[in-house]
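# Summary of structural features
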Amino acid sequence: MELFNSESKKIVSDPINVNNPISLQVLGICSALAVTIRLDQAIIMTLAVVFVLCSSNVILSLIRNYIPARVRIVIMLSVIASLVSVVDELLKAYLYDMSKQLSVFVGLIITNCIIMGRAEAFALKHGPSKAFLDGLGNSMGYGLIIIVVSFFRELFGAGTITLPDGGAGYVLWSIPESWYAAGYENIGLLVLSPGAFIILGLVIWIQREFAGVEEDA
Amino acid sequence: MYSNNYTLFFVFIVTVVLGTMLSFTKDSVKDLQDQNLKADVQKTILRSLNFDESLLLTNESIEETFKSSIDAKCVNVEGEIVDCNIEEVDIEKNEDTLPIYIRVDNDEVQGIALPIAGKGLWSTIFGYIALNPDTDSVLGIQFYKHGETPGLGGEVEKKWFTDNFVNHPSKQPNGEIQYIPKKIRDKSGKIVSIKVVKGGVDYSESNTSSIHQVDGISGATVTADGVTDFLLEDLLRYEKTLDKIRDYGTI
């Protein structure tokens with residue numbers, strides 16, 4: 001199989017756009033709301049999900065013909081949970097501050113519906129290279145949305161844009177003091193969960209409009 | 001359809017492989033994680049003692065600063081120095097070996113950091129409170145480990161909350177802002193600690209104990225009450241030690 005034929009491209013690009021796991025299927029919402037307070041958290045979370053989803057898809061696809069159907073959910077969960085634990089341990093060792101900020105939400109990748117969903121719906125039915133592309137597409141689709149949401153939440157909620165730097169985060173840009181002096185105020189609501197719902201709702205609306213998707217009435 | 005034996009065998013193999021992978025990962029990064037944890041505790045102590053953030057950027061600089069400017073020892077409730085391995089002391093359980101961290105610059109005490117720990121809503125909260133050499137006004141307070149709900153009880157570790165314990169900006173009639181320090185001792189010198197007040201502190205003239213109070217966190221009353229309780233309890237264990245430092249400038 002050629003890696004970059006049109007079918008492979010579709011496997012990667014569909015979940016980023018017209019079949020996005022968050023904005024179209026509305027999966028994986030819990031972590032999308034929780035880790036989008038700051039941009040750097042969303043970026044690290046995206047990398048963690050890309051790693052977990054790609055590896056779990058490939059591993060499960062490799063052993064798909066040997067998994068007894070009766071225990072497949074248990075097997076999928078064990079593989080995913082082990083991969084997430086590995087990520088969690090690595091973050092604690094190499095990105096300690098970030099792992100403190102992400103706290104329980106790294107562990108909660110285990111229960112992210114996107115990962116179990118892709119394993120069940122795709123990886124168990126396709127070969128490893130396709131499964132990898134599917135994992136890549138879906139995790140990037142997830143990442144794209146949470147990065148967009150966190151960008152707006154941080155910018156308008158806290159007045160900064162922070163990139164990950166191995167420590168407590170590198171502030172790329174923050175709203176100048178003169179704006180505050182002139183009467184500008186951060187929207188505190190955006191830092192709280194309701195703010196995430198509002199931004200996510202807007203993103204879903206715009207993305208669906210853009211992708212030309214309509215729900216059946 | 002696979003046989004039961006095959007299914008059991010398969011699950012067994014998967015478990016062994018995944019288990020090996022996990023323990024291998026944990027084993028290979030354990031040292032790094034321990035270093036990070038140790039540096040995090042030291043960073044919390046240094047932060048509470050108001051060290052400049054630029055000294056606290058890497059694990060190495062934290063350790064160096066800690067070694068060169070902190071005098072760490074243990075005391076008992078009577079305020080006498082006792083022998084201990086300070087890193088091994090369980091601050092939650094130990095009643096008679098109390099760690100104390102003193103910031104010394106040019107042979108003079110600049111601040112005293114004491115470990116505090118106690119139950120919040122879901123978890124034990126760990127932190128340090130640092131006092132000025134008068135052992136009355138607060139130099140800083142920091143929490144480094146807890147399992148409280150992010151956004152609610154988890155706010156205890158945030159700057160807005162911990163800053164409350166140091167002072168309160170009060171606008172004077174002439175328009176100037178005066179910072180009124182928080183105190184842990186009442187007028188007679190007795191330790192009364194600082195109370196986290198539900199809602200907010202009443203700063204009107206009639207509330208004479210506002211210097212012993214800080215604003216609470218909305219939605220996290222249990223966590224706040226926990227902080228109030230263990231702060232008082234832990235400070236009282238150090239009462240004699242603190243009296244000694246106040247009166248003699250040393251233990």
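Residues numbered from 1 in each chain as written. Chains lettered and ligands numbered in written order. Predicted model: local features only at pLDDT ≥ 70, side-chain atom pairs only at ≥ 80, totals over all residues.

The next point concerns the overall build of chain B. From N to C terminus, chain B includes five helices and ten strands. Expressed along its principal axes, the backbone C-alpha trace of chain B runs to roughly 85 × 40 × 35 Å. Counting the 251 residues in chain B, one finds 29% classified as buried. Long-range pairs, those at least 24 residues apart, make up 50% of the contacts in chain B between residues at least 6 apart in sequence. (Helix = DSSP H or I, 4+ residues; strand = E, 2+ residues; numbered from the N terminus. Buried ≥ 20, exposed ≤ 12 C-beta atoms within 10 Å, placed from the backbone. Contact = placed C-beta atoms within 7 Å.)

Turning next to the interface of chain A and chain B. In this assembly, 18 residues from chain A lie in contact with 20 residues from chain B. If one sorts the elements of the side of chain A that touches chain B by residue count, helix 4 (residues 72-94) of chain A sits on top with ten residues. A breakdown of the residues in the side of chain A that touches chain B according to their chemical character gives ten nonpolar, five polar and three charged. (Nonpolar A, V, L, I, M, F, W, Y, C, P; charged D, E, K, R; others polar.)

Attention now moves to the nonpolar core. Counting 53 residues, the largest nonpolar core has Met45(A), Ala48(A), Val52(A), Val87(A), Ile145(A), Ile146(A) and Val149(A) as its most contacted members. Secondary structure elements with two or more residues in this core: helix 2 (29-34), helix 3 (39-62), helix 4, helix 5 (96-102), helix 7 (113-123), helix 8 (128-158) and helix 10 (193-211) of chain A. With near-sequence residues (within four places) excluded, Ile145(A) lies in contact with Asn20(A), Ile22(A), Ser23(A), Ala32(A) and Val203(A). Counting residues in hydrophobic clusters, the runner-up holds 43 residues, among them Leu98(B), Tyr128(B), Phe165(B) and Val196(B). (Core = buried A, V, L, I, M, F, W, Y, C linked by C-beta atoms within 7 Å.)

Turning our attention to unusual backbone geometry. Residues and elements named next belong to chain B. Here Asp107, not a glycine, exhibits a phi torsion of approximately 65 degrees, which is positive. Within the secondary structure layout, Asp107 lies in the loop between strand 3 (98-105) and strand 4 (108-119). Judged by the 6 C-beta atoms lying within 10 Å of it, Asp107 is exposed. With a phi close to 50 degrees, Thr135 is a non-glycine residue in the positive phi region. Relative to the elements of secondary structure, Thr135 occurs in the loop between strand 5 (124-131) and strand 6 (138-145).

What follows covers the sheet that holds strand 2 (residues 81-82) of chain B. All names here are of chain B. Read across the open sheet, the six strands follow the order 2-1-3-4-5-6; overall the sheet is antiparallel. Looking at which strands have only one partner, the edges of the open sheet turn out to be strand 2 and strand 6. When strand 3 meets strand 4, the two strands line up antiparallel, connected through five bridges. Across the sheet, Val104 pairs through a bridge with Val109, a residue of strand 4. Packing of helix 4 (residues 221-237) onto the sheet brings it into contact with strand 3, strand 4 and strand 5, and relative to strand 4 it is tilted by some 130 degrees. (Pairing = 2+ DSSP bridges. Axes fitted to C-alpha atoms, helices over the stretch in contact; angles between N-to-C directions.)

Turning our attention to the environment of Asp97(A). Residue and element names in this part refer to chain A. Turning to its location among the elements, Asp97 is positioned in helix 5. Judged by local crowding, Asp97 falls into the partly exposed class, with 18 C-beta atoms found within 10 Å. Residues Asp97 and Gly169 lie 72 residues apart in sequence; the distance between their C-alpha atoms is 8.6 Å.

Glancing now at the packing of helix 8 of chain A against helix 10 of chain A. All names here are of chain A. Helix 10 packs onto helix 8 with a crossing angle of 130 degrees between their chain directions and a minimal axis gap of 10 Å. Here helix 10 runs oblique to helix 8, going by the angle between their axes. Both helix 8 and helix 10 take part in a crossing whose hand is right-handed. In contact with Ile145, Val148, Val149, Phe152, Arg153 and Gly157 of helix 8, helix 10 contributes Gly195, Ala196, Ile199, Leu200 and Val203. Taken together, the residues of the contact of helix 8 with helix 10 break down into eight nonpolar, two polar and one charged. (Parallel < 35°, antiparallel > 145°, perpendicular 65-115°, else oblique. Left-handed = near helix turned anticlockwise from the far one by under 90°.)

Below, the discussion takes up the pairing of strand 5 of chain B. Sheet faces and side chains relate simply in a regular strand, where the side chains alternate between the two faces. All names here are of chain B. With six of eight residues buried, strand 5 lies mostly within the body of the structure. Note that strand 4 and strand 5 share eight bridges and pair antiparallel. Within the sheet, the bridge partner assigned to Ala117 lies in strand 5 and is Phe126. The loop that links strand 4 with its antiparallel partner strand 5 comprises four residues. Bridge count between strand 5 and strand 6: six bridges; the pairing is antiparallel. Paired with Gly127 across the two strands is Phe143, which belongs to strand 6.

Scored by pLDDT, chain B comes out at a mean of 87, with 100% of its residues at no less than 70. Complex prediction metrics read pTM 0.80 and ipTM 0.80. (pLDDT = per-residue confidence, 0-100.)

Moving on to the packing of helix 7 of chain A against helix 8 of chain A. Residues and elements named next belong to chain A. Two elements in contact, helix 7 and helix 8, have axes separated by 11 Å at closest approach and are oriented at 150 degrees. Here helix 7 is positioned roughly antiparallel relative to helix 8, judged by the angle of their axes. Two packed elements cross with a definite hand, and for helix 7 against helix 8 that hand is right-handed. Contact with helix 7, carried on its side by Ile114, Arg118, Phe122 and Ala123, involves Ala131, Asp134, Gly135, Asn138 and Tyr142 of helix 8 and no other residues of that element. Class assignment of the residues belonging to the contact of helix 7 with helix 8 gives a composition of five nonpolar, two polar and two charged.

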